[in-house]
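# Residue-level structure breakdown
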Amino acid sequence: VSTMNAKTSSGGEQEASGMRNETLGESGCLGEAKRGRVIRVAYVIAALDLTFLFMQLGVMPSLGLDSVGFGYLQTIFGVLQLVGGYIFGRFADQFGARAALILSCASGSILFLLMSLSTSIPLLFLSRLPGVFMHGIPGAQKVITDMTTPSQRAGALGKLGLCFGVGIIAGSTVGGVLSTKFSVYFPAYVGLAGSLLNTLIAMAWIPSQTKPKSDHHMTEHSDLFSIREILRLMKFPGVMEVFIVKVFAGLPIGLFMIMFSIISMDFFGLEAVESGYLMSYFGVLQMVVQGLLVGKLANHCTEMTLLRLSVFVFAGVGLGMALMRTVWHYCIIAVPLVFAFSMLATITDSILTKAVPSSDTGAMLGICASVQPLTRTVGPTIGGVLYKQFGVSSFGYLQLMVNLGLFVYLLKSKIPLEEMKSQ
């Protein structure tokens, strides 16, 4: 009897161990300390990647391009990011988060190299091409998703907001200083060196395999881009509903942010320096909200409750935007705006990655990462029409109506949020 009990106990321990490893992938065998170290390395890579990106966005060599030309340049970059997001996610599923991060950092190095050599407009446009695989944040999200349990995921993903805040503040500031003191090309040199350093960090500190080994055969021979695979993911319980909320809840404010450079000058009467201060203010808010509040709320509330809360706050933000008249009004509105935006992004990413098998989390994160590039692609046209025809208040009213509708939808619908295991 004791032998049978020992075997039963041993079998139970092996089964429990297998379930833990299935949830955490190879990270289940790494130990808590090492998993934490790998996640911190992912944060560092994401923060540096965003710093280099924002460092060059404001100080790109103009080479005679007017505002329309720069619009085309940004649209091309948005389209490349849109197309590349899902492909990058599938690549991460097939070859691992480490390989995906290395690909992203190496693509950044090529982009900065081409930019440093851009002495003509065609070369400047050519330098945008590596952007198709520049996805530092989704790469870091993939590492965090593989390295955390479902209960830890929302808090760990939320802390990426600290990286975003660091990237906005440090990148904008350092880029301006370097271009002023040295040359407009100098930030590209720094970005090249920094991206190479990021590549070495990913190679040295990120494990070669972080997802469950049992899942590896599932995506080994799959196509990197397949509409059928996207539709398959959308058929999992709750995925389509949550993704629709993710896309539409933040769309009106996304249109507003795309037009913000024009609105800040025409509507608020701000100078370029004052607009920079306002962006830094946003960066600090992002760091505080996503780095401190999201994780704590995720530990005390269900994800569906937080999803409804973010949509409801977004509706209130819309009303505030419709009534605002000065930049000080906007600074007040920015607090609930950043809260809702950060909460929506983090919670929907957490829900969606838990709603699909662990072998498809990279693809799901890639689809999620395509939402912002999609907004940047269609935003200038739609946002321009709204602003010219109806004024700034139109963004607020649209935000209010869309999110009130989504809030009612979330209250009435029974979205099945089931955590899918590796199958």
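Scroll up to find the structure.
Starting from 1, residues in each chain are numbered consecutively following that chain's sequence as written. Thresholds applied to this predicted model are a pLDDT of at least 70 for local features of residues and 80 or more for the giving and counting of side-chain atom pairs; totals over whole chains, interfaces and linings are not thresholded and use all residues. No hydrogens and no water enter the side-chain calculation; it runs on all heavy atoms of the structure.

Each Phe, Tyr or Trp ring, with Trp reduced to its six-membered ring, pairs with another whose centre is within 6.5 Å; inter-plane angles below 30 degrees give stacked pairs, above 60 give edge-to-face pairs, and intermediate values give tilted ones. Throughout the structure, instances matching the rule amount to 12 aromatic pairs. Ring centres of Phe267 and Phe268 lie 5.2 Å apart, and the angle between their planes is 70 degrees; on these two criteria the pair is classed as edge-to-face. Overall, Phe267 belongs to the partly exposed group, its relative accessible area being 31%. Using a relative accessible area of 12% as the deciding quantity, one classes Phe268 as buried. Where Phe314 meets Phe341, the ring centres are 6.4 Å apart and the plane angle is 90 degrees; that geometry is what we call edge-to-face. With Phe314 in helix α16 (residues 303–323) and Phe341 in helix α17 (residues 327–355), this pair connects stretches of sequence that are 27 residues apart. A simple rule labels every residue: compare its accessible area, found with a 1.4 Å probe on the protein chains alone, to the largest value its type can have, and call it buried under 20%, exposed over 50%, or partly exposed in between. For Phe314, a relative accessible area of 0% puts it in the buried group. The criterion is that NZ of a Lys, or CZ of an Arg, lies within 6 Å of the ring centre and within 35 degrees of the ring normal, and then a charge sits over that ring. The side chain of Arg128 reaches across the aromatic face of Phe77, ending 5.3 Å from its centre. The numbering of helices and of strands both runs from the N terminus, where a helix is a DSSP run of H or I of at least 4 residues and a strand a run of E of at least 2.

This next bit is on the nonpolar core. In these notes, a set of buried Ala, Val, Leu, Ile, Met, Phe, Trp, Tyr and Cys residues joined through side-chain atoms within 4.5 Å is what counts as a nonpolar core. Counting 63 residues, the largest nonpolar core has Phe256, Tyr330 and Phe395 as its most contacted members. Contacts are assigned to residue pairs with any non-hydrogen atoms lying within 4.5 Å of each other. Sequence-distant contacts of Phe256, that is, excluding residues within four places in its chain, are made with Ile263, Met321, Met324, Tyr330, Val392 and Phe395. The next biggest cluster of nonpolar side chains, apart from the first, holds 25 residues, and it includes Ile39, Ala140, Ile144 and Ile206.

Moving on: the environment of Arg37. Structurally, the position occupied by Arg37 is in helix α2 (residues 32–57). Along the sequence, Arg37 and Ile206 sit 169 residues apart, while their C-alpha atoms lie 9.3 Å from each other.

Patch construction takes residues with relative accessible area above 30% that form no salt bridge. Like charges are linked within 9 Å, and nonpolar side chains (Val, Leu, Ile, Met, Phe, Trp, Tyr) are linked within 5 Å. Here the accessible surface of atoms and residues is derived via Shrake-Rupley with a 1.4 Å probe, and residues count as covered only by protein chains that are part of the display. A side-chain nitrogen of Lys or Arg and a carboxyl oxygen of Asp or Glu constitute a salt bridge if their distance falls within 4 Å. On the surface, a cluster of nonpolar side chains totalling about 330 Å² of accessible area is made up of Val284, Val288, Leu292 and Leu293. Along the chain, Val284 falls in helix α15 (residues 272–300). Under the relative-accessibility criterion, Val284 is labelled partly exposed at 43%.

Our focus in this paragraph is the side chain of Glu303. As for its placement among the helices and strands, Glu303 is situated in helix α16. Dropping the residues within four chain positions of it, Glu303 is found in contact with Ala154, Ile347, Ser350, Ile351 and Lys354.

As for its placement among the helices and strands, Ser195 is situated in helix α9 (residues 186–205). Exposure remark for Ser195: the relative accessible area of 5% places this residue in the buried category. Spatially, the C-alpha atoms of Ser195 and Gly108 are 6.0 Å apart, while their sequence positions differ by 87 residues. Excluding its chain neighbours within four sequence positions, the residues that come into contact with Ser195 are Phe52, Cys105, Gly108, Ser109 and Phe112.

Another point: α17. For α17, built from 29 residues, the straight-helix expectation of 42 Å at 1.5 Å per residue is met to within 8% by its first-to-last C-alpha distance of 41 Å. Counted residue by residue, α17 has 22 buried out of 29 residues, so it is predominantly covered. The span you would expect from a helix comes to 1.5 Å times its residue count less one.

Helix α18 (residues 361–369) packs onto helix α6 (residues 136–147) with a crossing angle of 145 degrees between their chain directions and a minimal axis gap of 10 Å. The element α6 and its partner α18 pack so that their crossing is right-handed. Taking contact as the criterion, the partners of Pro138, Gln141, Lys142, Thr145 and Asp146 in α6 are, on α18, Thr361, Gly362, Leu365 and Ala369. Partitioned by chemical class, the residues of the contact of α6 with α18 number three nonpolar, four polar and two charged. Note on geometry: axes are lines fitted to C-alpha atoms, helical ones only across the stretch in contact, with angles between N-to-C directions running from 0 to 180 degrees. Each helix crossing is assigned a hand: it is left-handed if the near helix lies turned anticlockwise from the far helix by less than a right angle, otherwise right-handed if that turn is clockwise. For this scheme, ten residues count as nonpolar: Ala, Val, Leu, Ile, Met, Phe, Trp, Tyr, Cys and Pro. Four count as charged, namely Asp, Glu, Lys and Arg, and the remainder, Gly too, count as polar.

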